[in-house]
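What follows is each chain in one-letter form.
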Amino acid sequence: MKLIDKLVIGGSALAALTFLESARELRSLTVRNIKLNNDMTESKPVRLAFIADFHESLEGKMNSRIADAIAKASPDLILIGGDMLDGYRKSEELPSLDLIDRLYRIAPVVMAPGNHEKKAETKVYVNNTLLYDRFMQGIEDKVHYLKNKSEVFSINGRWIRIFGLDLPLEYFKRREEKTLSVEDIIGYIGYPEEQDNVFNILMAHNPEYFESYAEWGAELTLSGHFHGGIVNLPMIGGVISPRLNVFPKYTKGLYRSEKRPDKMMYLTSGLGQHSLRIKINNIPEIIIIDL
């Protein structure tokens, strides 16, 4: 057998295995539990369930499993870090609305937009110009939608202010890196809560600007967008970012700010994919955070 034939056969076999493994992982689900701030007071911890990057995953076939897993964790709040939508779909059905309908019956749902909600709002999806309106009508009275605003929640004797950052699409363009200063963040969402008894959480879809978020004053940043680097290599991490940068600095997991180590970010690998529907060593996840 010629070398070229062997390479073709080997490449085809690898592609088939990749497809099968990715299909298996996209139909899998894991729940990750993390604890932050171990100097607990006598009050109960605040439990948050955090998800992002649903992208109308598998046409809603995972919705009951996702909702059941979150319900089992009994969270005080359910936080959604953006990209529930996939505007490239041609179907009129929105599995994201079905999932949200299930979630708001479990606990209050707080959502910040991602770049796909922004694309829908700005009518980027020419095949579905009514997508944003349909989505917003579907979540009305079910979701605290934080579009460059914040809300304060009192839970178990603690005060939490949650901010939702909605950045223009220029901050998500491929191969075009744009700086985001603290002043820029203030211009979008104002100042963080300065009272000592209030914990500031920032939901910001793009994790690239974590150091700016930390400098701004986010004690905990919750992000998505990077899909875990799509393919996750042991000891190395995610392979590629949405900007097509290879081995990006952030891919998934818990990070501490280099300049302000008391500030943290959890970057989820998300629940679904769009366009390139591949996940390798990168199972969809629900994050349960105890504060």
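Residues numbered from 1 in each chain as written. Predicted model: local features only at pLDDT ≥ 70, side-chain atom pairs only at ≥ 80, totals over all residues. Heavy atoms only, no water.

### Here we look at unusual backbone geometry
1) Next: Positive phi, close to 55°, is recorded for Asp-53, a residue that is not glycine.
2) Next: Of note, Asp-53 is situated in the loop between strand S2 (47–51) and helix H2 (63–73).
3) Next: Even without a glycine there, the phi angle at Asn-148 is positive, about 55°.
4) Next: Looking at the secondary structure, you find Asn-148 in the loop between strand S5 (143–145) and strand S6 (149–155). (Helix = DSSP H or I, 4+ residues; strand = E, 2+ residues; numbered from the N terminus.)

### What about the side chain of Ser-257?
1) Next: Position of Ser-257 among the secondary structure elements: in the loop between strand S12 (253–256) and strand S13 (264–267).
2) Next: A polar contact of 3.3 Å, which involves the side chain of Ser-257, links it to the backbone nitrogen of Lys-259.
3) Next: Ignoring anything within four residues of it in the chain, the contact list for Ser-257 reads Phe-210, Glu-211, Ala-214 and Lys-263. (Polar contact = N/O pair within 3.5 Å; in protein donor to acceptor, adjacent residues only side chain to side chain. Contact = heavy atoms within 4.5 Å.)

### A closer look at the confidence of the model for the protein
1) Next: Confidence along the protein averages 88 in pLDDT terms, with 89% of residues attaining 70 or more.
2) Next: The low-confidence segment residues 5–12, where pLDDT is below 50, has two contacts with residues more than four positions distant or belonging to other chains. (pLDDT = per-residue confidence, 0-100.)

### Details of the sheet that holds strand S7 (residues 158–165)
1) Next: Spatial strand order, S6-S7-S8-S9-S13-S12: six strands in an open sheet with mixed pairing. Of all the strands in the sheet, the pair left with one neighbour each is S6 and S12. Taking the axes of each pair of neighbouring strands and ignoring which way they run, one obtains an average angle of 20° across the sheet.
2) Next: One ladder, built from seven bridges, connects S7 with strand S8 (residues 198–204); its direction is parallel. (Pairing = 2+ DSSP bridges. Axes fitted to C-alpha atoms, helices over the stretch in contact; angles between N-to-C directions.)

### Some words on the pairing of strand S14 (residues 285–290)
1) Next: The buried fraction of S14 is high, at six of six residues.
2) Next: Pairing geometry for strand S1 (residues 30–35) and S14, over six bridges, is parallel. The partner of Arg-32 across the bridge, within S14, is Ile-287.
3) Next: Bridging between S2 and S14 involves four bridges; their strand directions are antiparallel. Note on S14: the bridge partner recorded for Leu-48 is Ile-289. (Buried < 20%, exposed > 50% of the residue type's maximum accessible area, 1.4 Å probe, protein only.)

### Here we look at the packing of H2 against helix H3 (residues 95–103)
1) Next: At a minimum axis distance of 10 Å, the contact between H2 and H3 shows a crossing angle of 25°. For the element pair H2 / H3, the angle class is roughly parallel. Note that H2 runs across H3; the crossing there is right-handed. Within the contact between the two elements, H2 uses Asn-63, Ser-64, Ile-66, Ala-67 and Ile-70 and H3 uses Pro-95, Asp-98, Leu-99, Arg-102 and Leu-103.
2) Next: Residues that form the contact of H2 with H3 fall into these classes: six nonpolar, two polar and two charged. (Parallel < 35°, antiparallel > 145°, perpendicular 65-115°, else oblique. Left-handed = near helix turned anticlockwise from the far one by under 90°. Nonpolar A, V, L, I, M, F, W, Y, C, P; charged D, E, K, R; others polar.)

### Observations concerning H2
1) Next: Every buried residue of H2 is listed here: Asn-63, Ile-66, Ala-67, Ala-69, Ile-70 and Ala-73. Taken down its axis, H2 places every buried residue within 160° of arc, on the same side. Across H2 from its buried face, at more than 90 degrees, point the exposed residues Asp-68 and Lys-72.
2) Next: Here the buried face of H2 lies against S1, S2, strand S3 (77–80), H3 and S14.
3) Next: Note on H2: the residue one or two positions beyond its end, Ser-74, has a positive phi of about 50°. (Arc of directions from axis to C-beta.)

### Focus: the packing of aromatic side chains
Any pair of aromatic rings gets described here by the distance separating the centres and the angle formed by the planes.
1) Next: If you walk through the whole model with that rule in mind, you get five aromatic pairs.
2) Next: Here Tyr-171 and Tyr-209 contribute two aromatic rings whose centre-to-centre distance is 5.7 Å and whose plane-to-plane angle is 85°, an arrangement assigned as edge-to-face. With Tyr-171 in the loop between S7 and helix H6 (182–189) and Tyr-209 in the loop between S8 and helix H7 (210–216), the pair connects residues that are 38 residues apart, well separated along the chain.
3) Next: Here Tyr-171 falls in the buried class, since its relative accessible area comes to 3%.
4) Next: Its relative accessible area of 7% is what places Tyr-209 among the buried residues.
5) Next: Measuring from centroid to centroid gives 6.0 Å for Phe-210 and Tyr-250, while their planes differ by 80°, and the two rings are edge-to-face. (Phe/Tyr/Trp six-rings, centres within 6.5 Å; stacked < 30°, edge-to-face > 60°.)

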